Amino acid sequence: MTSPSEAPGPASSPGTAPQDTPTEGLANLANMGWQILLTMGLATTALGVIALVWPDATLRVLGVLFGVYLLATGVFELAGAFGTHVPRHLRVLHFLTGAFSILLGLICFRGALESILLLALWIGFSWLLRGTTETVAAASAPDMPARGWHVAFGIISALAGIVLIVSPFASIAALLLVVGIMAIVVGLTEVVRALMMRVEVGRLAPAAATQRRPLFHRPHPQH
């Protein structure tokens, strides 16, 4: 007859390492999360400071990146034009779009002024199209939730696009200033959140240590 201590159960070998408890897993995840958030916050703050301190250099870099984006988009569009499962009318559209994107990308590499001008016009036309579409959609749908906000946002987006198209250089400089300030605010907010998460990790660590299982189990006394 066996004693209650010898009841069948999961046996633990002396050499096996203890498994992590849920508290330990949460602490490890939070520890990695605050480090990632802190790195992103510092990087975002640094980008905002660079945009405010060196706006001309930042605009030149943005122009080059925009040119690279246009070239990559054009290459993918041309590759899609020669796909085997693409209809003929879509092939023509892909080919024209890809060729036009590559042409604009090459123009961006001619100089900083051309790239900044194309970037401002690109953003301006996209805002104008989006604002006009949203305004028309909200105006033609009386039952749309928050219809007034959609109409207001669409009108503001369309007006901002018109301003960028009419005065591209001054508008893109002002937009860069706003983006730099927003990047600094967002980056500092992420840094504060990361430090708050670090405090919470410090509170979880003692709880994880108290719930940690011993490596070796004492044998039960035999009866």
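All values derive from a computational prediction rather than experimental measurement.

J.: Just give me the short version of the environment of A160, but keep the residues and values in it.
T.: Counting through the fold element by element, A160 comes out in helix α5 (residues 147–166). Residue A160 is classed as partly exposed on the basis of its relative accessible area, which comes to 25%. Through-space distance from the C-alpha of A160 to that of W127 is 7.0 Å; in sequence the pair is 33 residues apart.

J.: Break down helix α2 (residues 55–81) for me, citing the residues and quoting the values.
T.: Its 27 residues give α2 an end-to-end C-alpha distance of 38 Å, which sits within 8% of 39 Å, the value for a rise of 1.5 Å per residue. Taken together, the buried positions of α2 are occupied by T58, L59, G63, F66, G67, L70, G74 and A81.

J.: Before we move on, can you summarise the packing of aromatic side chains with the specific residues and values?
T.: Applying the stated criterion to the full structure yields three aromatic pairs. Their ring planes at 90° and their centres at 6.3 Å tell us that Y69 and W122 sit as a pair that is edge-to-face. Here W122 lies in helix α4 (residues 112–139) and Y69 lies in helix α2, a separation of 53 residues in the sequence. Among the residues examined, Y69 registers a relative accessible area of 45% and is labelled partly exposed. Site record: aromatic cluster; members linked through ring pairs are F66, Y69 and W122.

J.: Describe the nonpolar core, naming the residues involved and giving the relevant values.
T.: By size, the foremost hydrophobic cluster in this structure holds 14 residues, and its most contacted members are F66 and I172. If you list the elements that add at least two residues to this core, you get α2, α3 (88–108), α4 and α6 (168–210). Sorting elements by how many residues they give to this core places α4 first, with five residues. I172 has contacts with L59, I116, L119, A120, I123 and L164, leaving out every residue within four places of it along the chain.

J.: So what's going on with the confidence of the model for the protein? Which residues, and what values?
T.: With 75% of its residues at a pLDDT of at least 70, the protein reaches an overall mean of 79. Looking over the protein, one finds the lowest element-wise mean pLDDT in helix α1 (residues 22–53), namely 79, and the highest in α5, namely 89.

J.: Please provide a residue-by-residue account of the side chain of S171, values included.
T.: Mapped onto the elements of the fold, S171 is located in helix α6. Beyond its immediate chain neighbours, meaning those up to four positions away, S171 contacts V163 and L164.

J.: Residue-level account of the environment of S101, with values.
T.: Positionally, S101 belongs in helix α3. The class for S101 is buried, based on a relative accessible area of 6%. Here the alpha-carbon distance between S101 and L78, two residues 23 residues apart in the chain, equals 9.8 Å. Beyond its immediate chain neighbours, meaning those up to four positions away, S101 contacts L70, L71, T73 and G74.

J.: Describe the packing of α2 against α4, naming the residues involved and giving the relevant values.
T.: At a minimum axis separation of 8 Å, α2 and α4 run at an interaxial angle of 70°. Between α2 and α4, the angle is such that the two are roughly perpendicular. Judged by the twist between their axes, the crossing of α2 over α4 is left-handed. Residue-level inspection shows L59, R60, L62, G63, F66, Y69 and L70 of α2 in contact with α4, the latter providing A112, S115, I116, L118, L119 and W122. When grouped by side-chain class, the residues that make up the contact of α2 with α4 number 10 nonpolar, two polar and one charged.

J.: Mind laying out the environment of A152, listing which residues take part and the relevant values?
T.: Within the element layout of this structure, A152 appears in helix α5. A152 sits in the partly exposed class, given a relative accessible area of 34%. The spacing of A152 and T135 is 17 residues in sequence and 7.7 Å in space, taken between C-alpha atoms.

The rules behind the values
Residues numbered from 1 in each chain as written. Predicted model: local features only at pLDDT ≥ 70, side-chain atom pairs only at ≥ 80, totals over all residues. Heavy atoms only, no water. Helix = DSSP H or I, 4+ residues; strand = E, 2+ residues; numbered from the N terminus. Buried < 20%, exposed > 50% of the residue type's maximum accessible area, 1.4 Å probe, protein only. Expected span 1.5 Å × (residues − 1). Phe/Tyr/Trp six-rings, centres within 6.5 Å; stacked < 30°, edge-to-face > 60°. Core = buried A, V, L, I, M, F, W, Y, C linked by side-chain atoms within 4.5 Å. Contact = heavy atoms within 4.5 Å. pLDDT = per-residue confidence, 0-100. Axes fitted to C-alpha atoms, helices over the stretch in contact; angles between N-to-C directions. Parallel < 35°, antiparallel > 145°, perpendicular 65-115°, else oblique. Left-handed = near helix turned anticlockwise from the far one by under 90°. Nonpolar A, V, L, I, M, F, W, Y, C, P; charged D, E, K, R; others polar.

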